[in-house]
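Summary of the model geometry
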Amino acid sequence: MSIGTFTFRPLDPLQDAELLHKWVTHPKAAFWMMQDASLVDVERAYMEIAADEHHHALLGLQDGEPAFLMEYYDPAHRELVGLYEPQPGDIGMHFLTPPTDNPVRGFTRSVITAVMAHLFEDPAVKRVVVEPDVANKAVHALNEAVGFVPEREIQKPEKRALLSFCTREQFVAARGVAV
């Protein structure tokens, strides 16, 4: 079965809030840490991101339909300030695939691959940084599959995280295709 074609568009905090609310409050999204968020909380959180020059949210589309959420940020200014020494060309990333009654084998791996390829389309991006919860074993496996190498555990205010990095070269090697 074909996964389809992925594209990206800027998230509209008001237009997309209802959809996002369903995604981020679902038990599958526990590591997103918005389980108890109201619709207004979700709108507010993504309006803050939309207004932030160092943090961005995109809606991932599968054949034109909303299929996942992607966020990227400048780790020198958001999320990881003071927790590691950022290098020029670093970009932080989060992604979320929504719950489904009809899971498609390979979908989430295809999503993270598309997210990484999208980030590396920018020639200024040299390395992607992630900081998932240490308990999120599923995402650690996905990260490894696209070339991430864990560096160390760090303590963030909201969680114990596994700081991991993926250079363009590691992504290409893991994927077997140049970007």
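Keep in mind the model is a prediction, meaning the values are calculated, not measured.

The next thing to look at is the packing of aromatic side chains. The final tally for this structure, using the stated rule, is 5 aromatic pairs. Both rings, one in Tyr84 and one in Phe165, keep their centres 5.4 Å apart while their planes meet at 50°; by these two values the pair is tilted. Here the residue Tyr84 occupies a position in the loop between strand E3 (65–73) and strand E4 (90–96), and Phe165 occupies one in strand E7 (residues 160–167), the gap between them amounting to 81 residues. Across this residue pair, the class does not change: Tyr84 and Phe165 are buried. Grouped by ring-pair contacts, the aromatic residues Phe6, Phe8, Phe68 and Phe107 constitute a single cluster. When the ring centre of Phe165 is taken as reference, the NZ or CZ atom of Arg127 above it lies at 3.9 Å.

Now for the pattern of salt bridges. Applying the stated criterion across every chain, the model contains 10 salt bridges. Here Lys156 ties to Glu131 by a salt bridge, and the two come within 3.0 Å at their closest N and O atoms. Pair noted here: Lys156 is in the loop between strand E6 (149–155) and E7 and Glu131 is in the loop between strand E5 (127–130) and helix H4 (137–145), with a separation of 25 residues, a long-range link. Note on accessibility: Lys156 and Glu131 belong to one class, buried. Notably, a salt bridge pairs Glu131 with Lys159, separated by 3.3 Å at the nearest N-O pair. With Glu131 in the loop between E5 and H4 and Lys159 in the loop between E6 and E7, this residue pair connects regions lying 28 residues apart in the sequence. Among the ionic contacts, a cluster of salt bridges with common partners joins Glu79, Glu131, Lys156, Glu158 and Lys159.

Attention now moves to the environment of Gly92. Here Gly92 lies in strand E4. For the pair Gly92 and Leu119, spaced 27 residues apart in sequence, the C-alpha to C-alpha distance is 9.7 Å. Setting aside anything within four residues of it in sequence, one finds Gly92 in contact with Glu71, Tyr72, Tyr73, Pro75 and Val129.

A few words on helix H1 (residues 17–24). Residues three or four positions apart in an α-helix share a direction because the helix packs 3.6 residues into each turn. For H1, the full list of buried residues reads Ala17, Leu20, Trp23 and Val24. Summarising the axial view, the buried residues of H1 lie within an arc of 120°, below the 170-degree limit, and thus occupy one face. Those residues of H1 that are exposed and aimed more than 90 degrees away from the buried face are Glu18 and Lys22.

A word on the nonpolar core. By size, the foremost hydrophobic cluster in this structure holds 27 residues, and its most contacted members are Met93, Phe95, Val115, Met116, Val128 and Phe148. Of all the elements, helix H3 (residues 107–120) adds the most residues to this core, at 9 residues. Ala29, Trp32, Val42 and Leu96 belong to the second-largest nonpolar core, a separate cluster that totals 16 residues.

Between H3 and H4, the least distance of the axes is 10 Å, while the angle of their chain directions is 55°. In terms of their interaxial angle, H3 and H4 are classed as oblique. In terms of crossing hand, the pair formed by H3 and H4 is right-handed. The residues of H4 that touch H3, namely those facing Thr108, Arg109 and Ile112, are Leu142, Asn143 and Ala145. The residue inventory of the contact of H3 with H4, partitioned by class, reads 3 nonpolar, 2 polar and 1 charged.

To continue, consider the pairing of E3. Pairing between strand E2 (residues 55–62) and E3: 8 bridges, direction antiparallel. If you follow Gln62 over to E3, its bridge partner there is Glu65. Where E2 folds back on E3, the antiparallel hairpin that results is connected by 2 residues, among which Asp63 adopts a positive phi of roughly 50°. Judged from the 5 bridges that link them, E3 and E4 form a sheet pairing that is antiparallel. Bridge pairing in E4 links Glu71 to His94.

How each quantity is defined
Residues numbered from 1 in each chain as written. Predicted model: local features only at pLDDT ≥ 70, side-chain atom pairs only at ≥ 80, totals over all residues. Heavy atoms only, no water. Phe/Tyr/Trp six-rings, centres within 6.5 Å; stacked < 30°, edge-to-face > 60°. Helix = DSSP H or I, 4+ residues; strand = E, 2+ residues; numbered from the N terminus. Buried < 20%, exposed > 50% of the residue type's maximum accessible area, 1.4 Å probe, protein only. Lys NZ or Arg CZ within 6 Å of the ring centre and 35° of its normal. Salt bridge = Lys/Arg side-chain N within 4 Å of Asp/Glu carboxyl O. Contact = heavy atoms within 4.5 Å. Arc of directions from axis to C-beta. Core = buried A, V, L, I, M, F, W, Y, C linked by side-chain atoms within 4.5 Å. Axes fitted to C-alpha atoms, helices over the stretch in contact; angles between N-to-C directions. Parallel < 35°, antiparallel > 145°, perpendicular 65-115°, else oblique. Left-handed = near helix turned anticlockwise from the far one by under 90°. Nonpolar A, V, L, I, M, F, W, Y, C, P; charged D, E, K, R; others polar. Pairing = 2+ DSSP bridges.

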